[in-house]
Amino acid sequence: QVQLVESGGGLVEAGGSLRLSCAASASSFSSYVVGWFRQAPGKEREFVAVITWGRSHTYYSDSAKGRFTVSRDNDRREAYLEMNRLKPEDTAVYFCAARFGGSEFYTSTQAYTFWGQGTQVTVSA
């Protein structure tokens, strides 16, 4: 069982930045694909970004592309989501998720085995 704990959420004005962290308990964290998702009230959970294991290739949703950056530090067993130029429509609970191995950019919630509890991001206009 892998535990994931997100942190770094909060309230920020539009145009501001936040950096989310996802701390993992897995000793083999370097072998896990890590995805970031978000869920706004009344909406389905949606894909934001993913970083692969190995070469740490990244892929983003259209809404995140150019504003968000996903990264990881395998020595620390952490993944990060740097969010810049935030907009009110970015307001949501943000979740990190992980799956062992695989060779794709996984964008579906069903592809992930482990989930964090989420961290709230609120962007004021």
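These lines cover the structure that appears in this document, whether it is placed above or below. As the structure is a prediction and not an experimental result, all values here were calculated from the model.

Okay, the overall build of the chain next. Secondary structure assignment for the chain yields zero helices and 11 strands. Secondary structure elements in the chain, listed N-terminal to C-terminal, are β-β-β-β-β-β-β-β-β-β-β. In summary, the chain has a C-alpha radius of gyration of 13 Å against a globular reference of 14 Å for 125 residues, a match within 12%. Taken along its principal axes, the extent of the C-alpha atoms in the chain is 40 × 25 × 25 Å. Put simply, the chain has 125 residues, and 45% of those count as buried. Looking at the chain alone, contacts between residues at least 24 apart form 59% of all its contacts between residues at least 6 apart. Distance between charge centres in the chain, computed from 13 positive and 12 negative side chains, equals 3 Å.

A word on the sheet that holds strand β1 (residues 4-7). Pairing in this open sheet of four strands is antiparallel, and the strands run β1-β3-β8-β7 from one edge to the other. Each having just a single partner strand, β1 and β7 (68-73) make up the two edges of the open sheet. Strand after strand, the sheet turns through a mean of 15° between neighbouring axes, direction not considered. As defined by bridge partners, β1 adjoins strand β3 (residues 18-24) across four bridges and the pair is classed as antiparallel. Across the sheet, residue Val 5 finds its bridge partner in β3, namely Ala 23.

Once that is clear, we can look at the nonpolar core. Ranked by internal contacts, the top residues of the largest apolar core, which has 31 residues, are Leu 4, Trp 36, Val 48, Phe 68, Leu 81, Met 83 and Tyr 94. Listing elements by their share of this core, those giving two or more residues are β3, β4 (32-39), β5 (46-51), β7, β8 (78-83), β9 (92-100) and β11 (119-124). Beyond its immediate sequence surroundings of up to four residues, Met 83 is in contact with Gly 16, Ser 17, Leu 18, Leu 20, Arg 67, Phe 68, Tyr 94 and Val 121.

Scanning the entire structure with this criterion turns up six salt bridges. For Glu 82, the salt bridge identified is with Arg 19, shortest N-O distance 3.9 Å. Of this pair, Glu 82 sits in strand β8 while Arg 19 sits in strand β3, placing them 63 residues apart in sequence. According to the relative accessible area criterion, Glu 82 is partly exposed, its value standing at 28%. Arg 19 gets classed as partly exposed once you look at its relative accessible area, which sits at 45%. Note that Asp 73 and Arg 76 form a salt bridge whose closest N and O atoms lie 3.6 Å from each other. For Arg 76, a relative accessible area of 58% puts it in the exposed group.

Let's shift gears to unusual backbone geometry. Its identity is not glycine, yet Ser 56 carries a phi of approximately 55°, on the positive side. Along the chain, the position of Ser 56 falls in the loop between β5 and β6 (58-60). We classify Ser 56 as partly exposed; its relative accessible area is 27%.

Cut-off values and rules
- Residues numbered from 1 in each chain as written.
- Predicted model: local features only at pLDDT ≥ 70, side-chain atom pairs only at ≥ 80, totals over all residues.
- Heavy atoms only, no water.
- Helix = DSSP H or I, 4+ residues; strand = E, 2+ residues; numbered from the N terminus.
- Rg over C-alpha atoms; globule rule 2.2 N^0.38 Å.
- Buried < 20%, exposed > 50% of the residue type's maximum accessible area, 1.4 Å probe, protein only.
- Contact = heavy atoms within 4.5 Å.
- Lys, Arg positive; Asp, Glu negative; His and termini not counted.
- Charge placed at Lys NZ, Arg CZ, Asp CG, Glu CD.
- Pairing = 2+ DSSP bridges.
- Axes fitted to C-alpha atoms, helices over the stretch in contact; angles between N-to-C directions.
- Core = buried A, V, L, I, M, F, W, Y, C linked by side-chain atoms within 4.5 Å.
- Salt bridge = Lys/Arg side-chain N within 4 Å of Asp/Glu carboxyl O.

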